[in-house]
Structure formats: structure tokens, C-alpha cells
Amino acid sequence: MNKELENWKSNGKYLRFKDNNIFYGQDGEGDNLLIIHGYPYNSFEWKETIAELSKTFKVTFFDLLGMGFSDKPRNHKYSFEEYCDIVNALLLNLNIQETHIFSHDLGVSVAQELIARNAESKNNFKIKSTAFMNGSLFIDVYKPRLIQKLLSKSPTLIGKTLSKVMSKSMVNKSVKSVFGPFTQPSEAFLDQQWEILNFNNGKEIAYLIGRLVFDKYNYLSRWVHAMQTTSIPMCYICGPFDPNSGIHMANRYKELIPNPNVYLLEKYIGHWPQLEDIDNVIKYYYEFIKGLKE
């Protein structure tokens, strides 16, 4: 294993959730901040951002079931409800009674379901604020990549086969396509992420996680209503060049959310702002948090 990945993994811990192990870690002191990563990688992609945020917050991060260094069960029905149950179990185990949430990509949808559950008194913790970043908040305007459609909208047998034969070059091409033209990922980063994706044969279940993208249609009304009626402070930090969930997602956020709080990064920043423009991500996040205290 890559040395940097090995260090990251060795510094983490595991929570036993039902029959599976969930990888997690903590860093820093201060108010609690929960990081929820996206698909198809894991919390490691937040490494530099966590290093900065931990100067102010006690940051908790974890790998979603089926991704990263968490277990990757094969014959399993992955769901947003279960991911929320894992969040609740993790925070209960860590005795965290209230926390801010910062989410990206698939993690945005987990945060939306947590907000909906908050209105139903189904969480065992208080959400102090939620920052979303480049995710499919409104699936009706989301623009999935071809590889997502092939993996996750095709019949199960085809999705399963494609997951097995999917090559490193295919994945890298897809990932690069959603980065900005001037902020492309390094080969070292892509090598690390390929190793993470393949950890415990995770690549072979990519289609199972990917199907959650299209499950979101079943939650659209629930999540929009929850966001429109919640008292939880929210913001959207957006890499506008992202073809999946960029400027068009920010515009829809402004249309649908009362008193929308949107931070647009430079126009050529794409889907992974925490890697492409970390300084401004941190700047805008602290601006959002500062506004909560005024």
C-alpha cells in the first residue's frame, strides 16, 4: 500500500456497525465538524482540508460503507437510510451530541436525509449547520457521467460485469473530466485513489453504490421540503465548472431555497473544490461559520 495511505489508515479506527466495520478518524479540537465524503473514493481526499479545519474544529471523518477503508459487502442493499444510521451510531459512540456537517458529492445526499430526519426527531444529535459542496442536491438537474449511467442504470448483470472489467484508465478519464481544466488531479493522487477503490475489491461493487445516484429521484420531494422548511443554517459552496453539479446546481439552489447562501468559486473550478481550490473552500466555509455567530 502507498505509504501515505498506510499512514492515513493506521491512524484511523473502526466502528462495528451491525456486521460491518466502518473506518473513521478524528483530528483537532473545538466545535465538532463531521465530514461526509462522496463517490467513489473516501475521506482521504479531504486530507488537506481536514488538516486546515482541524486548526479550529474537532473534525470527525469516516468512510461510507462500501467505500474507502470501510467494509464492502457484496450482496448488500446500500441506502441513504443506512448511511444515516451509521452517522448516528458513530456520533453516539463518540459521545458527540451536536455537530456542524460539511459534505461533498454523494455525502450531500446523506446530509439531506439527515436534515429530513431531523424534522422527524430521528437523529440522536443536533445539526448545528450544514455546508454542501458540489453534489446532486436536486437530482432533476444533475448531469451524470456516462460511466455512471453505464454502471448504475443498466441491468444488474451488466453493471456487475462493467464494475469488474472497469480499468484504471477508464476511471481516471471519468474523474479528470469533472475537474477544472487548470486544476487537473496529479498522477500520484489518481494512483492513490485507484488503490483505495480497489481496497477489499471495492471496484467490483462500484455499480451498487452508483445506483444510489438514481435512487435520489425517490427522495427529491422529501429532501427539497426538508431544506425549505428547516431552521438549520445551510450553504452551498460550488465549483461552477463542474459538469455534474456546478453552476446549474447553484442556480437551482437559489431558486428553491429561502434566503439562499451560495459561495461560487472561480469559474474554472470543477467538481472537487477541496482538491482544486482548498484556500477558497476554507475561506468561504469560515465566512459561513462566522455568519452564524453574528
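Just so it is clear, the structure is predicted and the values come from calculations on it, not from any experiment.

The rules behind the values
- Residues numbered from 1 in each chain as written.
- Predicted model: local features only at pLDDT ≥ 70, side-chain atom pairs only at ≥ 80, totals over all residues.
- Heavy atoms only, no water.
- Salt bridge = Lys/Arg side-chain N within 4 Å of Asp/Glu carboxyl O.
- Helix = DSSP H or I, 4+ residues; strand = E, 2+ residues; numbered from the N terminus.
- Buried < 20%, exposed > 50% of the residue type's maximum accessible area, 1.4 Å probe, protein only.
- Core = buried A, V, L, I, M, F, W, Y, C linked by side-chain atoms within 4.5 Å.
- Contact = heavy atoms within 4.5 Å.
- Pairing = 2+ DSSP bridges.
- Axes fitted to C-alpha atoms, helices over the stretch in contact; angles between N-to-C directions.
- Phe/Tyr/Trp six-rings, centres within 6.5 Å; stacked < 30°, edge-to-face > 60°.

K.L.:
Quick question: what am I supposed to make of the pattern of salt bridges here?
P.N.:
Working definition: two side chains of opposite charge can pair if their charged atoms are close together. Scanning all chains against the criterion turns up 15 salt bridges. Among the salt bridges present, the one from Glu120 reaches Arg222, with a minimum N-O distance of 2.7 Å. Placement of the pair is Glu120 in the loop between helix 4 (106-119) and strand 6 (126-133) and Arg222 in helix 10 (residues 220-229), with a sequence separation of 102 residues. In this structure Glu120 comes out as partly exposed when scored by relative accessible area, which is 36%. Close ionic contact of Lys168 with Asp191 constitutes a salt bridge, the shortest N to O distance being 2.4 Å. Here the residue Lys168 occupies a position in helix 7 (residues 168-176), and Asp191 occupies one in helix 8 (residues 187-198), the gap between them amounting to 23 residues. For Lys168, a relative accessible area of 30% translates into the label partly exposed. Via salt bridges that share partners, Glu113, Glu120, Lys122 and Arg222 belong to a single interconnected network.

K.L.:
Whenever I open this one, the nonpolar core confuses me. Can you help?
P.N.:
Nonpolar side chains in soluble globular proteins tend to be buried together. In terms of nonpolar packing, the biggest core is built from 69 residues, with Phe62, Tyr83, Phe132 and Tyr253 touching the most fellow members. For Tyr83, the contacting residues outside a window of four places in its chain are Leu64, Leu65, Met67, Tyr78, Leu106, Val110, Ile209 and Leu212. Judged by nonpolar contacts, the second largest core, of 29 residues, contains Phe102, Met133, Ile282 and Tyr284.

K.L.:
Please explain the sheet that holds strand 2 (residues 20-27) as it appears in this structure.
P.N.:
Where strands meet in a sheet, backbone hydrogen bonds hold them as pairs that are either parallel or antiparallel. Spatially, the eight strands line up as an open sheet ordered 1-2-4-3-5-6-7-8, and their pairing is mixed. The open sheet has two edge strands, strand 1 (13-17) and strand 8 (262-264), and neither has a second partner. Ignoring strand direction, the axes of neighbouring strands in this sheet form an average angle of 25 degrees. Packed on one face of the sheet, helix 4 meets strand 3 (31-36), strand 5 (98-104), strand 6 and strand 7 (234-238) and runs near 150 degrees to strand 6. Strand contacts of helix 11 (residues 247-256): strand 6, strand 7 and strand 8, with the helix running at about 160 degrees to strand 7, the strand carrying the most contacts.

K.L.:
I keep staring at the packing of aromatic side chains and nothing clicks. Help me out?
P.N.:
How two aromatic rings sit relative to each other is set out by the distance from centre to centre and by the angle between their planes. Within this structure, the stated rule accounts for 22 aromatic pairs. With a centroid separation of 4.6 Å and an interplanar angle of 10 degrees, the aromatic rings of Phe102 and Tyr285 are classed as stacked. One end of the pair, Phe102, is in strand 5; the other, Tyr285, is in helix 13 (residues 278-292), and 183 residues separate them in sequence. Residues Phe102 and Tyr285 agree in their burial class; the two are buried. For the pair Phe182 and Tyr268, a centre-to-centre distance of 5.2 Å together with 90 degrees between the ring planes defines the contact as edge-to-face. You can see Phe182 sitting in the loop between helix 7 and helix 8 and its partner Tyr268 sitting in the loop between strand 8 and helix 12 (273-276), a full 86 residues away along the chain. On the accessibility criterion, Tyr268 (30% relative accessible area) is partly exposed.

Distances and angles like these do not, on their own, reveal function.
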